[in-house]
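One letter stands for each residue in the lines below.
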Amino acid sequence: MSVKFAVLGHGVVGSGVVELFYKNKNSIEKRAGTEMDVKYILDLREFPDSPYADKFTKNFDDILNDDEVTAVAECMGGVEPAFTFVKACLEKGKSVSTSNKELVAEKGDILLQAAKEHNCNFFFEASVGGAIPIIRPLHRCLAANDITKIAGILNGTTNFILTKMYNENMAFADALSLAQQLGYAEKDPTADVEGHDACRKICILSSLVYGKHVYPSSVYTKGISDVELCDVAAADVLGYAIKLVASVTKLENGKILPSVMPTLVSYDNIMSGVNDVFNAVLVYADGVDKTMFYGRGAGKLPTASAVLGDVIEAVKHNVTVFSQSWESVEDNSFVESIDSYKSRWYFRVPVNTVIEDVETYEHENGISFVISNELTFAEAKAKAEKLNAVAFIPVME
Ligand code: HSE
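Here is a short report on the structure shown in this document. (Residues numbered from 1 in each chain as written. Predicted model: local features only at pLDDT ≥ 70, side-chain atom pairs only at ≥ 80, totals over all residues. Heavy atoms only, no water.)

As a further point, take the packing of helix α4 (residues 82–91) against helix α5 (residues 101–117). Running from amino to carboxyl end, α4 crosses α5 at an angle of 15°, the nearest separation of the two axes being 10 Å. In terms of orientation, α4 and α5 fall into the roughly parallel class. Like other packed secondary-structure pairs, α4 and α5 cross with a definite hand, here right-handed. Contact residues: Ala82, Phe83, Val86, Lys87 and Leu90 in α4; Leu103, Lys107, Ile110, Leu111, Ala114 and Ala115 in α5. Partitioning the contact of α4 with α5 into residue classes produces 9 nonpolar, no polar and 2 charged. (Axes fitted to C-alpha atoms, helices over the stretch in contact; angles between N-to-C directions. Helix = DSSP H or I, 4+ residues; strand = E, 2+ residues; numbered from the N terminus. Parallel < 35°, antiparallel > 145°, perpendicular 65-115°, else oblique. Left-handed = near helix turned anticlockwise from the far one by under 90°. Contact = heavy atoms within 4.5 Å. Nonpolar A, V, L, I, M, F, W, Y, C, P; charged D, E, K, R; others polar.)

What follows covers empty space enclosed by the protein. Within this structure, the stated rule accounts for 2 cavities of 30 Å³ or more. Approximately 70 Å³ is the volume found for the largest cavity. Around the largest cavity sit Leu112, Ala115, Lys116, Cys120, Asn121, Phe122, Thr320, Val321, Phe322, Gln324 and Ser325, which together line it. A total of 3 residues in the lining of the largest cavity trace back to one element, the largest contributor, which is α5. Of the residues in the lining of the largest cavity, the class split is 6 nonpolar, 4 polar and 1 charged. (1 Å grid on protein atoms, 1.4 Å probe; cavity = no way out; pocket = protein on both sides within 12 Å on 5 of 7 lines; lining within 4 Å. Points joined across faces, edges and corners; volume = space filled by probe spheres on them.)

Attention now moves to α4. Within α4, 7 of the 10 residues are buried, leaving the element largely enclosed by the surrounding structure. For α4, every residue scored as buried is listed here: Ala82, Phe83, Phe85, Val86, Ala88, Cys89 and Leu90. Just downstream of α4, Gly93 is the residue with a positive phi angle, here 80°. (Buried < 20%, exposed > 50% of the residue type's maximum accessible area, 1.4 Å probe, protein only.)

Taken in spatial order, the 6 strands line up as β3-β2-β1-β4-β5-β6 in an open sheet, and their pairing is parallel. Since the sheet does not close on itself, it has two edges, and those belong to β3 (56–57) and β6 (122–123), each with one partner. Judged from the 7 bridges that link them, strand β1 (residues 2–8) and strand β2 (residues 35–42) form a sheet pairing that is parallel. Directly across from Ala6, in β2, lies its bridge partner Tyr40. Against the sheet, α4 makes contact with β1, β2, β4 (69–74), β5 (95–98) and β6, and its axis sits at roughly 145° relative to β5, the strand it touches most. (Pairing = 2+ DSSP bridges.)

Turning our eyes to something else, we now look at the layout of surface pockets. Here the largest pocket is characterised by a volume of approximately 1,000 Å³. Together, 46 residues line the largest pocket, and Cys75, Met76, Gly77, Glu186 and Lys187 are the ones closest to its centre. Taken together, the elements giving at least two residues each to the lining of the largest pocket come down to α1 (12–23), α5, α7 (156–168), α9 (190–193) and α10 (196–210).

What describes a pair of aromatic rings is the distance from one ring centre to the other and the angle between the planes of the rings. If you walk through the whole model with that rule in mind, you get 16 aromatic pairs. Summarising the aromatic geometry, the rings of Phe21 and Tyr22 are spaced 5.0 Å apart at their centres and angled 75° between planes, so their arrangement reads as edge-to-face. The class for Phe21 is buried, based on a relative accessible area of 0%. Seen in terms of ring centroids, Trp345 and Phe377 are 5.8 Å apart; in terms of plane orientation they differ by 70°. Their pairing is edge-to-face. You can see Trp345 sitting in strand β13 (residues 342–349) and its partner Phe377 sitting in helix α13 (residues 377–386), a full 32 residues away along the chain. (Phe/Tyr/Trp six-rings, centres within 6.5 Å; stacked < 30°, edge-to-face > 60°.)

Below, the structure written as structure tokens:
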């Protein structure tokens, strides 16, 4: 018997799924324990020169109504029509593997429930960290732990831009354009630059680890558009790299505090050395102390690797994997306000600002920058206003 699967979307990731599948078909089939083949590729565009031209369809119902198709890879992106298609597949008992962060972050609870009700799986390893195995390790390998914090570089495009700015003095716009050419950026790169993509990913990790759906709208999110070359240079003088860090902390009051912010990461922290399109996820937990996952966070074959890994899992498991799920919520009252986020803070202030009670003071190239002692976000914001600071950024040791 040969298991047939369909691929929804033939963009960067979807085409990578088909390419990687046929490249490694023999070993994939050995690992799956069965012959496999792609039966359909759904895309509204024409691909007359594709070696798989006979597999293309523009009609989703061809896939939905074909009982031979038991697994689906969703690589379309966006909430609709992906949500409608994925839900319909799950309701027919077809397992779905997705790379679509927005879909999982907005609708993951509903889709996990649909999978449970129809005894199939909704897998999303590719939705966080590209090639990095992080979803399955969190709910399987680390299942014995109390996870107290996750902090990660979860967006390849912004990490690529920050690295190019720092290493090559490249202008922001040029670095972004290169990231787009390399297939790293979202269709609308605002989602990368303003932190929305990283926000969706920390929502997915938070939901998985803490068991309740965390909506992106409840997470304080700041991107890198206000980070200037002078901040990158100042941070370096102080012994830090600037990274877009997405994190979630479990608080003593039972709530969680997720956020996305540019962050000064100490050169003593292994995450400071994570460059280019690479992502890293640090998991802090009582059993393991801390453990780090590292790899390419975006790109055609790295992301396809995670999607296909899930398709193979789906083929091997004909029952729902219950450990990989979370509950729906009425509201996000278990998400703590950013105001209580505690950190030391970097401030970029006008030259000649008189500053007291700060730990460090440096002055270079006409810019003054200081690092405060530990303050809450609310206190740091008030201090930034008092100092007329142009930027205030948390510090991570
Ligand atoms: N635009 C995303 C990134 C793609 O740059 O990380 C991978 O999710």
